Amino acid sequence: MTLIQGYLFRQIARPVVGACAALAGIGILSQTLEQLEFVVERGASLWVMVKLTTLAVPQLLSVILPIGLFVGALIALTRLQREQELIAAFAGGMTRWAAIRPAALLAVIVAALTLSINVAVQPWAQRAARDEAFAVRSDLAALLVEEGRFVKGPNGLTVYVQEIEQNGLLTNLFVHIDDGKSVSTWNATEARFSRIAGEPYLLLGQGSWQRYSSDGVLNHLQFDNHAFPLAAFMDEADQAVRYKPSDLYLPQLFAPSPQMMATAGTRGELTAEGHARLSAPLYALTAMAMALTAILGGAFSRTGYGLRVAKAAGAFLTVRIVGYGLVAAGAWNPWVNVLQYIVPIAAAAAALRLLFRALRPRRRKVGRRTAVLEASA
């Protein structure tokens, strides 16, 4: 890469990075607002919200990178063309392809980054986020405890807590169990949720237990410490994490096990998701090709390139929406998955054809001008 090509690469890369960062910030903000549910309704800590938001970033980047590349390239190329830096490079003997090469290299880098995220980073992050969200949703401390209120749980369980301290300590706990056969109550001065050998327990301290026997006699027991098991009050279906297609790796998508198909989706849905992961990086090439065509695919204009940019943006948006539609259609028609690769490649090829056709000198007009000059002479 020559000195001028390195300069062009930097001038295009900086707006691309800025556009991707801005779009990622908007996406992270929306994810943060969604994760507030765990803080407000589930009683999760702020660290859980930050962790879930961070783990959602790879999936956001796989969507944002081609769009950020398109927006940043348009900004950079518009400035370079308006300030006539590209014209100066051409006047210095730089060929058209040499001027386009830095932009093409940047598109390849973004495509490779998108592919690595889709293949390795996204499924890892999504699985970790799913496990973390499952731990929050299945945590009985969040499901059954609400300060100052009686909360009804499954299998006749009712829990009341007077106060929940910042360290998770429950004070003045009352538990009432009515399973239809017997009624028992537990109360403790303090308690804490914990897990023993992977099973959920409620560790009670300084409390008592009351239960009526079948003869109508009240049994009463006082204790200093007691581990109250909670597994009986959890649905077995909720004790296993149910992964979605976005959480699976490529081998699992293309060769799913029967258990995976029973929980994550049909074979067609998983296969369509796998092809979507592999074809998504191609949209980075499409984005750069359309951005180059929008700015360099026409005559120089001091008034701006608003119309051409609008046409390119509309074309890219249409192609991307069609791509998402093909993912949904591929779940039911396997042959449609081939179009997931053809559509972005065809769109990029069409844009490049328009670009190079616009860069060629128009022989007819040149010939006509020569004939007119000869006739006037």
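In short, a report on the structure. The structure displayed is predicted, hence computed values, not measured ones.

Relative to the assigned elements, His275 resides in helix 9 (residues 267-279). Residues His275 and Gly330 lie 55 residues apart in sequence; the distance between their C-alpha atoms is 9.0 Å. Look past the residues within four positions of His275 in its chain and what remains in contact with it is Phe254, Asn337, Gln340 and Tyr341. Side chain to side chain, His275 and Tyr341 meet in a polar contact 2.9 Å long.

What follows is about a nonpolar patch on the surface. Together, Val63, Ile67, Val71, Ile75 and Tyr324 make up a nonpolar patch on the protein surface, roughly 400 Å² of accessible area in all. Among the secondary structure elements, Val63 is positioned in helix 3 (residues 57-82). Taking relative accessible area as the criterion, Val63 reaches 37% and is therefore assigned partly exposed.

Attention now goes to helix 10 (residues 282-296). Under the 1.5 Å per step criterion, the end-to-end length of helix 10 is 21 Å for 15 residues, consistent within 8% with the ideal 21 Å. Here helix 10 lies mainly inside the structure; 14 of its 15 residues are buried.

What follows deals with the pairing of strand 2 (residues 157-164). Pairing of strand 1 (residues 150-152) with strand 2 involves 3 bridges; the strand directions are antiparallel. Its bridge partner lying in strand 2, Val151 is registered against Val159. Here strand 1 folds back onto strand 2, and the loop between the two strands holds 4 residues, one of which, Asn155, carries a positive phi near 55°. Pairing between strand 2 and strand 3 (residues 170-178): 7 bridges, direction antiparallel. Within strand 3, the position partnered with Thr158 by the bridge is His176.

Taken together, the side chains of Glu147, Glu163, Glu165 and Glu190 define an acidic patch exposed on the protein surface. Residue position: Glu163 is located in strand 2. On the basis of relative accessible area, Glu163 is assigned to the partly exposed category, the value being 41%.

Right, let's get into the packing of aromatic side chains. Taken as a whole and judged by the stated rule, the model has 7 aromatic pairs. Centre to centre, the rings of Trp97 and Phe356 are 6.5 Å apart; their planes meet at 35°, and the pair counts as tilted. Residue Trp97 is located in helix 5 (residues 96-137), and its partner Phe356 is located in helix 12 (residues 339-359); the two are separated by 259 residues in the primary sequence. Judged by relative accessible area, which is 43%, Trp97 ranks as partly exposed. With relative accessibility at 29%, the residue Phe356 sits in the partly exposed group. Here the aromatic rings of Trp186 and Phe223 are separated by 6.1 Å at their centres, their planes lie at 55°, and the arrangement is tilted. Taken together, the residues span a long stretch of sequence, with Trp186 in strand 4 (residues 183-196) and Phe223 in strand 6 (residues 218-229) at a distance of 37 residues. As far as the burial class goes, Trp186 and Phe223 line up, both buried. Among the aromatic residues, those joined into a ring-pair cluster are Trp186, Trp209, Phe223 and Phe228.

Criteria and cut-off values
Residues numbered from 1 in each chain as written. Predicted model: local features only at pLDDT ≥ 70, side-chain atom pairs only at ≥ 80, totals over all residues. Heavy atoms only, no water. Helix = DSSP H or I, 4+ residues; strand = E, 2+ residues; numbered from the N terminus. Contact = heavy atoms within 4.5 Å. Polar contact = N/O pair within 3.5 Å; in protein donor to acceptor, adjacent residues only side chain to side chain. Patch = residues over 30% accessible without salt bridge, like charges linked within 9 Å, V, L, I, M, F, W, Y side chains within 5 Å. Areas by Shrake-Rupley, 256 points an atom, 1.4 Å probe, with all protein chains shown as cover. Salt bridge = Lys/Arg side-chain N within 4 Å of Asp/Glu carboxyl O. Buried < 20%, exposed > 50% of the residue type's maximum accessible area, 1.4 Å probe, protein only. Expected span 1.5 Å × (residues − 1). Pairing = 2+ DSSP bridges. Lys, Arg positive; Asp, Glu negative; His and termini not counted. Charge placed at Lys NZ, Arg CZ, Asp CG, Glu CD. Phe/Tyr/Trp six-rings, centres within 6.5 Å; stacked < 30°, edge-to-face > 60°.

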